[in-house]
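# Structural overview for review
Residue-level listing of the chains:
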Amino acid sequence: MIDECPHCKSSLQFNPAQHDKIRTALAAIKSGPLKLGCPHCKKPIALGPDGELYKEPLSESTSLSSRAPQAITVTPPAYPDISWLAQGIYTEREVVHDVPKALILMASGQDRDTVAKALAERGYQIEIPESANDALVKMRFSSFAAIVLHADFERSSAETTFHQQMTVMPMQKRRSLFYALIGKDVHTLYNLEALVHSANVVINDTEIPHFDIILKKGLQEMQELFGPYTEALNRTVVH
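On a predicted model such as this, the values are computed, not experimentally measured, just so you know.

## A few points about the sheet that holds strand β6 (residues 178-183)
Pairing is parallel in the open sheet, where five strands are placed in the order β4-β3-β5-β6-β7. The two strands at the open ends of the sheet, each matched to only one other strand, are β4 (125-127) and β7 (201-204). Direction aside, neighbouring strands of the sheet carry axes that sit 20° apart on average. As defined by bridge partners, β6 adjoins β7 across four bridges and the pair is classed as parallel. The residue of β7 that forms the bridge with Leu 181 is Val 202. Sitting on the sheet, helix α6 (residues 132-141) is in contact with β3 (101-105), β4 and β5 (146-150), with an inclination near 165° to β3.

Right, here's the structure in full:
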């Protein structure tokens with residue numbers, strides 16, 4: 001396993017837990033390198049399957065150049081988006097623990113921009129996953145304070161893989177997480193419907209322009225519901 005940044009030559013000093021995370025990520029890569037950022041110089045480091053520096057394979061154009069009169073250019077696949085890895089590895093050094101994170105599972109467009117803007121204005125660090133599976137991976141390696149899911153994110157109703165995971169999340173973790181479910185078939189701020197979907201609030205598509213107001217109301221109600229219970233738990237732990 002690489003132990004020195006190839007750019008600044010600083011020692012990386014991975015601990016056993018960080019080694020395990022890197023091996024897990026390497027095993028999940030189908031092709032290309034695993035990219036993570038150096039905590040010192042911030043430049044990307046590309047790792048191969050063996051954990052050493054990645055070496056670009058010879059392209060087909062190179063292997064055929066000696067035989068073919070015309071070179072064939074082969075474009076390699078894009079690097080996978082695994083920005084979560086560097087955050088998971090260097091949590092102790094780089095991540096500010098008091099900055100809440102928000103995960104938004106929505107298709108790109110004006111509606112997602114509206115949701116992201118409202119969350120960012122309340123101090124959330126926004127992350128946009130590429131898919132529901134990507135979102136589940138992010139949740140394994142990072143803690144989120146808010147999640148917004150559109151029911152059509154996986155081209156189905158609310159019964160997505162991600163939504164199903166939310167419904168079975170242990171309450172010890174769930175009560176500190178604000179979960180908003182958006183869809184064309186739900187009724188905005190209908191608490192009974194939110195309870196059925198294990199969400200803090202449900203929002204109809206037509207009310208997305210008012211997400212900032214709905215967010216403030218939902219967070220306030222969440223604090224009123226779980227705040228006293230959380231304080232009581234904290235007092236129990238202290239004593």
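## With respect to the pattern of salt bridges
Under the definition given, this model contains five salt bridges. A salt bridge links Lys 101 to Glu 127; the shortest N-O distance between them is 3.8 Å. You can see Lys 101 sitting in strand β3 and its partner Glu 127 sitting in strand β4, a full 26 residues away along the chain. Each of the two residues, Lys 101 as well as Glu 127, counts as buried. One salt bridge connects Glu 121 with Lys 117, and the closest N-O pair in it is separated by 2.6 Å. Separated by four residues within a single helix, Glu 121 and Lys 117 lie in helix α5 (residues 110-121), roughly one turn from each other. Each of the salt bridges in this network shares a partner with another, and the network as a whole consists of Lys 101, Glu 127 and Lys 138.

## Examining the confidence of the model for the protein chain
Per-residue pLDDT for the protein chain averages 76, and the proportion of residues at 70 or more is 71%. Segment residues 59-66: pLDDT under 50, and six contacts once partners within four positions in sequence are set aside and those in other chains are kept. Counted against residues more than four places away or in other chains, residues 79-97, with its pLDDT under 50, gives 46 contacts.

## Describing the nonpolar core
Counting residues in each nonpolar core, the largest one holds 21 residues, and the members touching the most others are Val 115, Leu 119, Val 148, Phe 178 and Phe 211. Among the secondary structure elements, those contributing two or more residues to this core are β3, α5, β5, β6, β7 and α10 (211-238). Residue contributions to this core peak at five residues, all from α10. Not counting chain neighbours up to four residues away, the residues in contact with Phe 178 comprise Ala 145, Ala 146, Ile 147, Asn 200, Val 201, Leu 215, Gly 218, Leu 219 and Met 222. Counting 19 residues, the second largest nonpolar core, distinct from the first, contains Met 139, Ile 147, Leu 149 and Phe 153.

Criteria and cut-off values
Residues numbered from 1 in each chain as written. Predicted model: local features only at pLDDT ≥ 70, side-chain atom pairs only at ≥ 80, totals over all residues. Heavy atoms only, no water. Pairing = 2+ DSSP bridges. Helix = DSSP H or I, 4+ residues; strand = E, 2+ residues; numbered from the N terminus. Axes fitted to C-alpha atoms, helices over the stretch in contact; angles between N-to-C directions. Contact = heavy atoms within 4.5 Å. Salt bridge = Lys/Arg side-chain N within 4 Å of Asp/Glu carboxyl O. Buried < 20%, exposed > 50% of the residue type's maximum accessible area, 1.4 Å probe, protein only. pLDDT = per-residue confidence, 0-100. Core = buried A, V, L, I, M, F, W, Y, C linked by side-chain atoms within 4.5 Å.

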